[in-house]
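What the coordinates show
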Amino acid sequence: MGWIVSDASSFEWWGGLKTAHEITISAFLVQMTRWESVVKVINKLREKQLNKIENLSKLSVEDLEKEIRSINFYKTKARRLKAFADKVAEEGGLENFLKIEKRPILLSMEGIGEETADSLLLFAGNNVIFPQSEYLRRVMSRVLGKKLTKSGAKQIVEEKLNKDLFEYKLFHAGIVSIGKAFCYTNNPNCDKCFLKPVCRKYNYETL
DNA sequence: ATCCTGCTGC
DNA sequence: GCAGCTGGAT
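Residues numbered from 1 in each chain as written. Chains lettered and ligands numbered in written order. Predicted model: local features only at pLDDT ≥ 70, side-chain atom pairs only at ≥ 80, totals over all residues. Heavy atoms only, no water.

Re the environment of Lys52
Residue position: Lys52 is located in the loop between α2 (35-47) and α3 (53-56). The partly exposed category is assigned to Lys52, whose relative accessible area is 38%. Spatially, the C-alpha atoms of Lys52 and Leu94 are 9.4 Å apart, while their sequence positions differ by 42 residues. When residues no more than four places from it in sequence are discounted, the contact partners of Lys52 are His21 and Ile25. (Helix = DSSP H or I, 4+ residues; strand = E, 2+ residues; numbered from the N terminus. Buried < 20%, exposed > 50% of the residue type's maximum accessible area, 1.4 Å probe, protein only. Contact = heavy atoms within 4.5 Å.)

Right, here's the structure in full:
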């Protein structure tokens, strides 16, 4: 069965970005920001060979600000990216840094909270960890018909899914897709949503 | 005007 | 728990 692909890395996860470096840079940039804006900046960085963490660390914060000016909170994010790039250099490269045992160090860095840390570990580092996003909390809360915290929703998912990289990435992609397309904070578009057959909010008007 | 795959510091 | 960060797109 040659067409059954078990290698999760050959799919266009994380908006189609391929390298751990671009995924990592975009993870900083995308916070409270439209994905489309992030892609534009990543494309520009790539043209200038700045799509690698080591190359970013050679820039000053001021120059980095200029490169990402079109991004929401660009000053804050330039500072955080610069600090992260320097830290990666200390730790002996990005690949070595994106491992589960480094999670506490990731979380200790400015600009990396739970969601970003686990997104990096899953999509850039290929670790079986599920990111606890606001999308996840919202969709899972409505489908299950009870108020969940982000970490609560994450716990349920990690309990139920097989410990499989492909499943984790696919489920995350599904949650994000549904969150963006239908499951808005206000006035969710439940009629169009393809989860409505199994959603408690839709069927019982809870939450 | 409002929205956008958060995190920090208070 | 919540204001602030900070700007482009619609």
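A word on the UniProt feature "domain: HhH-GPD" (unreviewed entry) in chain A
UniProt annotation of "domain: HhH-GPD" (unreviewed entry) refers to residues 29-181 when read in the numbering used here. What you have in residues 29-181 is 64% helix and 0% strand, and the ends, taken at the C-alpha atoms, are 21 Å apart. (UniProt positions renumbered as here; feature names shortened; annotations may be inferred.)

Notes on the protein's contact with DNA strand B
Around DNA strand B, 21 residues are found, and the nearest of them are Met32, Gly113, Thr116, Tyr135 and Lys180. If you look at DNA strand B and keep only atoms within 4 Å of the protein, 63% of those are sugar or phosphate atoms. Met109 is positioned such that a nitrogen or oxygen atom in its backbone is 3.2 Å from a phosphate oxygen of DNA strand B. Counting only elements with at least two residues in the surface near DNA strand B, the list comes to α7 (114-124) and α10 (165-181). (Near = heavy atom within 4 Å. Polar contact = N/O pair within 3.5 Å; in protein donor to acceptor, adjacent residues only side chain to side chain.)

Focus: the packing of aromatic side chains
Any aromatic ring pair is given by two values, namely how distant the centres are and how the planes are angled relative to each other. Applying the stated criterion across every chain yields a total of eight aromatic pairs. Relative to Phe194, the ring of Phe182 lies with its centre 5.3 Å away and its plane at 85°, an arrangement referred to as edge-to-face. A residue pair is termed long-range when its members are at least 10 positions apart, and Phe182 in the loop between α10 and α11 (200-204) and Phe194 in the loop between α10 and α11 qualify at 12 residues. By relative accessible area, Phe194 is classed as exposed at 57%. Members of the aromatic cluster, connected to one another through ring pairs, are Trp14, Trp35 and Phe123. (Phe/Tyr/Trp six-rings, centres within 6.5 Å; stacked < 30°, edge-to-face > 60°.)

Considerations on helix α5 (residues 74-90)
Taking 1.5 Å of rise per residue, the 17 residues of α5 would be expected to cover 24 Å, and the 24 Å separating its terminal C-alpha atoms lies within 8% of that figure. Among the residues of α5, Lys77, Ala78, Leu81, Lys82, Phe84, Ala85 and Val88 are the ones counted as buried. An end-on view of α5 places all buried positions within 170° of arc, on one side of the element. At its buried positions, α5 is contacted by α1 (20-29), α3, α4 (61-67) and α6 (103-108). Downstream of α5 by one or two residues, Gly92 has phi in the positive range, about 80°. (Expected span 1.5 Å × (residues − 1). Arc of directions from axis to C-beta.)

Here we look at the domain arrangement of chain A
Along its sequence, chain A is organised into domain 1 (8-124) and domain 2 (134-204). Here domain 1 and domain 2 have C-alpha centroids that lie 26 Å from each other. On the side of domain 2, 11 residues touch domain 1, which itself brings 11 residues to the contact. The contact between domain 1 and domain 2 buries some 850 Å² in all, and 69% of this surface belongs to carbon and sulfur atoms. Close ionic contact of Asp118 with Lys154 constitutes a salt bridge, the shortest N to O distance being 2.6 Å. Counting every contact that joins domain 1 to domain 2 gives one residue pair in polar contact (both at pLDDT 80 or more). (Domains from an automatic or database assignment. Buried area = accessible area lost by both parts, 1.4 Å probe. Salt bridge = Lys/Arg side-chain N within 4 Å of Asp/Glu carboxyl O.)

Looking at helix α9 (residues 150-160)
Ala153, Lys154 and Val157 are the residues of α9 that are buried. The buried side chains of α9 occupy one side of the element, clustering within an arc of 100° when seen end-on. Opposite its buried face, α9 presents the exposed residues Gln155 and Glu159, each directed more than 90 degrees away. The elements touched by buried residues of α9 are α6, α7, α8 (134-144) and α10.

Some details on the protein's contact with DNA strand C
Inspection of the region around DNA strand C gives Arg34, Lys40, Arg69, Ser70, Asn72, Phe73, Tyr74, Lys75 and Thr76 as its neighbouring residues. Among all atoms of DNA strand C positioned within 4 Å of the protein, those belonging to sugar or phosphate total 48%. In this structure, a base nitrogen belonging to DNA strand C sits 3.4 Å away from a side-chain N or O atom of Arg34. Within the contact set of DNA strand C, a phosphate oxygen lies 3.2 Å away from a side-chain nitrogen or oxygen of Thr76.

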